[in-house]
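# Descriptive structure summary
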Amino acid sequence: MLDVQDKVVAITGAARGLGQEFAWSLAAAGARIVAGDINDCAETLGLVKNVGPEAVGVKLDVTDPGSAVSMVEAGMRAFGRLDALINNAALHGGRFDAIDEAEWDAAMAVNVKGIWNCCKAAVPAMRQAGGGSIVNIASLAATYGMPYGLHYTTSKAAVIGLTRGLARELGRDRIRVNALAPSAVITEGTREFFGEKLDRALDTIKAGQTIQRNLQPSDLAGTVLWLISDASGFVTGQTIAVDGGTVML
């Protein structure tokens, strides 16, 4: 039942990091990919087309409702349907008293409003397909209480609330909505966030885990595959921690 063959999956923030990993791993399992990002997705498309059947790239600004609609329309033109959406695009942060108002608003616009925009755009196509799966990338920050990134932590807590509320609204449409809450994943974004403190931060994070190694993008691929597949057909409204046993919910 872990079958995503020919499912059409839209992924935001797909130009690098987790989004790129999701695109590659799902394509390798037979899914057709709509890769959206404010940056160029050419590298992701190259990786996907080496392993998967079909993919299209879309210029996407998740803070713009029209851009989200354009992403869905591109997928519908290319593949005729939409089965799943992975809301992965996000901004990170810094010390709470060093965050200016524009940075706070930008984090909320991308990390929360962006998911709302993309869900609004995608749900009509999923209803037309007879159901679907939405996977929102939250964070361990929301349940653990990550310091030095208050707007990021707050926004990811909002993602969990959004996931639960939307799951209750969309159950009648056979659309499932779940969230992933990973610990710090070793991606370009994590490296940029921690900067010169990266090694020390990763050692601290690892020390708090039951599984004593740092999280790689590939560690999330299996959970995403399961949530997109029909094997998780009775799972909705859940936040699944993929964190090596840091927070046990």
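Scoring rules and cut-offs
Residues numbered from 1 in each chain as written. Predicted model: local features only at pLDDT ≥ 70, side-chain atom pairs only at ≥ 80, totals over all residues. Heavy atoms only, no water. Buried < 20%, exposed > 50% of the residue type's maximum accessible area, 1.4 Å probe, protein only. Helix = DSSP H or I, 4+ residues; strand = E, 2+ residues; numbered from the N terminus. Arc of directions from axis to C-beta. 1 Å grid on protein atoms, 1.4 Å probe; cavity = no way out; pocket = protein on both sides within 12 Å on 5 of 7 lines; lining within 4 Å. Points joined across faces, edges and corners; volume = space filled by probe spheres on them. Nonpolar A, V, L, I, M, F, W, Y, C, P; charged D, E, K, R; others polar. Patch = residues over 30% accessible without salt bridge, like charges linked within 9 Å, V, L, I, M, F, W, Y side chains within 5 Å. Areas by Shrake-Rupley, 256 points an atom, 1.4 Å probe, with all protein chains shown as cover. Salt bridge = Lys/Arg side-chain N within 4 Å of Asp/Glu carboxyl O. Core = buried A, V, L, I, M, F, W, Y, C linked by side-chain atoms within 4.5 Å. Contact = heavy atoms within 4.5 Å. Lys, Arg positive; Asp, Glu negative; His and termini not counted. Charge placed at Lys NZ, Arg CZ, Asp CG, Glu CD. Pairing = 2+ DSSP bridges. Axes fitted to C-alpha atoms, helices over the stretch in contact; angles between N-to-C directions.

Next up on the list: helix α8 (residues 198-207). Taken together, the buried positions of α8 are L198, A201 and L202. Across the axial projection of α8, the buried residues extend over an arc of 95 degrees, all falling on one side. Exposed and oriented more than 90 degrees from the buried face of α8 are D199, R200, T204 and A207.

Now for the layout of surface pockets. Of the pockets and cavities examined, the second largest pocket occupies roughly 320 Å³. As for the second largest pocket, its lining consists of 16 residues, of which G131, G132, R174, R176 and D230 are closest to the centre. Secondary structure elements with two or more residues in the lining of the second largest pocket: β5 (132-137) and β6 (175-182). A class-by-class count of the residues in the lining of the second largest pocket yields three nonpolar, seven polar and six charged.

Turning next to unusual backbone geometry. The phi dihedral of D6 is positive, around 70 degrees, even though this residue is not glycine. Mapped onto the fold, D6 is located in the segment before β1 (8-12). Although it is not a glycine, R174 sits at a positive phi angle of roughly 60 degrees. For R174, a relative accessible area of 63% corresponds to the exposed category.

In the structure shown here, the tally under the stated rule is one cavity of 30 Å³ or more. Along its surface, the largest cavity is lined by T12, V62, N87, N88, A89, V110, G114, I115 and C118. With four residues, helix α4 (residues 101-129) is the largest single contributor of residues to the lining of the largest cavity. Each residue belonging to the lining of the largest cavity can be placed in one class, and the counts come to five nonpolar, four polar and no charged.

The next point concerns a nonpolar patch on the surface. On the surface, W24, L47 and V51 cluster together into a nonpolar patch covering about 230 Å² of accessible area. Tracing the chain through its elements places V51 in helix α2 (residues 42-51). For V51, a relative accessible area of 36% puts it in the partly exposed group.

As a further point, take the nonpolar core. Grouped together as the largest cluster of nonpolar side chains are 34 residues, with contacts concentrated most on M71, L82, L85 and I134. Within the residue set of this core, elements represented by two or more residues are β1, α3 (65-79), α4, α6 (150-170) and β6. Counting residues per element, this core draws most heavily on α4, at nine residues. With near-sequence residues (within four places) excluded, L82 lies in contact with V8, A10, V72, M76, A122, A125, M126 and A129.

Applying the stated rule across the entire model yields four salt bridges. Notably, a salt bridge pairs D230 with K7, separated by 3.4 Å at the nearest N-O pair. Separated by 223 residues along the polypeptide, D230 in the loop between α9 (218-228) and β7 (239-242) and K7 in the segment before β1 bring together distant segments of the chain. Among the ionic pairs, D83 bridges to R81, the shortest N-O distance being 2.7 Å. Of the residues examined, D83 reaches a relative accessible area of 8% and is grouped as buried.

With that settled, the discussion passes to a negative patch on the surface. On the surface, D100, E101, E103 and D105 cluster together to form a negatively charged patch. In this structure, E101 sits in helix α4. On the basis of relative accessibility, which here comes to 63%, the residue E101 falls in the exposed class.

Turning to the sheet that holds strand β4 (residues 84-87), a few remarks are in order. Overall, parallel pairing links the seven strands, which are arranged β3-β2-β1-β4-β5-β6-β7 in an open sheet. Of all the strands in the sheet, just β3 (55-59) and β7 have a single pairing partner and so form its edges. Across the sheet, the mean angle from the axis of one strand to that of its neighbour is 20 degrees, orientation sign disregarded. Of the strand pairs in this sheet, β1 and strand β2 (residues 32-37) are connected by five bridges, and their pairing is parallel. By the bridge assignment for β2, V8 is matched with R32. Here α3 sits on the sheet in contact with β1, β2, β3 and β4, set at roughly 160 degrees to β3. Along the sheet, α9 makes contact with β1, β4, β5, β6 and β7, crossing β6 at roughly 170 degrees.

Purely geometric stuff here, so don't read any function into it on its own.
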